[in-house]
Amino acid sequence: PILIVSRIPALNLTEDTELETLFEDHLSVVAGAQNPLVRRRKVTLEELWSAPWCLPPIESNSGKLYVDFFRECGMEYPKRCVTALSIHVQLGLLDTADFLALLPNSMLRFSAKRLSIRRLNVELATFPWPVGIVTLNNRTLSPAAKLFIGYARSSCGNVPTVAR
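The numbering scheme is per chain: residues are counted from 1 as the chain's sequence reads. Where totals are concerned, whole chains, interfaces and linings use all residues; where local detail is concerned, this predicted model gives features only for residues with pLDDT of at least 70, and gives and counts side-chain atom pairs only at 80 or more. Side-chain numbers come from the whole structure's heavy atoms, not from hydrogens or water.

## Concerning the pairing of strand 6 (residues 100–104)
Stage number 1. The element strand 6 is extensively covered by neighbouring structure, given that 5 of its 5 residues are classed as buried.
Stage number 2. Alternating residues of strand 6 divide into Leu 100, Leu 102 and Pro 104 and Ala 101 and Leu 103, and every residue in both groups is buried.
Stage number 3. When DSSP finds two or more bridges between a pair of strands, those strands are recorded as paired. A run of H or I in DSSP counts as a helix once it spans at least four residues, and a run of E counts as a strand once it spans at least two, with each numbered from the N terminus. Alignment of strand 3 (residues 27–32) against strand 6, held across 5 bridges, turns out to be antiparallel. By the bridge assignment for strand 6, Val 29 is matched with Leu 102. Each residue gets one of three labels from its accessible area relative to the maximum for its type: buried under 20%, exposed over 50%, partly exposed in between, using a 1.4 Å probe on protein chains only.

## Looking at unusual backbone geometry
Stage number 1. Of note, the phi angle at Ser 116 is positive, near 55 degrees, even though the residue is not glycine.
Stage number 2. You can see Ser 116 is positioned in the loop between helix 4 (105–115) and strand 7 (117–119).
Stage number 3. Positive phi, close to 60 degrees, is recorded for Asn 138, a residue that is not glycine.
Stage number 4. Its location among the elements puts Asn 138 in the loop between strand 8 (129–136) and helix 5 (143–156).
Stage number 5. Its relative accessible area of 80% is what places Asn 138 among the exposed residues.

## What about helix 2 (residues 61–72)?
Stage number 1. The span expected for a helix works out to 1.5 Å for each residue beyond the first. Taking 1.5 Å of rise per residue, the 12 residues of helix 2 would be expected to cover 16 Å, and the 17 Å separating its terminal C-alpha atoms lies within 8% of that figure.
Stage number 2. Residues Gly 63, Leu 65, Tyr 66, Val 67, Phe 69 and Phe 70 constitute the buried set of helix 2.
Stage number 3. Turning to helix 2, the residues buried within the fold contact strand 1 (3–7), strand 3, helix 1 (45–48), strand 4 (53–55), strand 6 and strand 8.
Stage number 4. Following helix 2 by one or two positions, Gly 74 adopts a phi angle in the positive range, close to 75 degrees. Throughout, a residue-residue contact means that at least one pair of heavy atoms, one from each residue, lies within 4.5 Å.

This is how it looks when you write it as structure tokens:
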């Protein structure tokens, strides 16, 4: 591919690629709209650690990032955890049971109401995840790709930052 839009973990970019960070995303603890925890004014991550979670497997790329997240918060990966790579499985468990998950704020911004999930009022350590566009140098982007990149920049409301 000539164009990738993704959460950007520590990538080993080569001289052939260019990364443009669109925004810094953050994680939120979420639950299904019917979960009793949604009505709580404030809850700590420590209180939630023993709750049932649905998270990606530790061995996956996302799982490794989540392990780092919990470590940053001074905690281990939750023991009561169903692991699933599929976001659809995670959302299904949030909707039908009292599971918790960690999801990016960007997903909540665009889909929380439609998916019947709610952010819990949990204060979390800042753990930014850059989201950006990776393109190949010396490749001509199609007019559609250029248009898409322009819309992505404007919807993120920022001036692009280019890094290699």
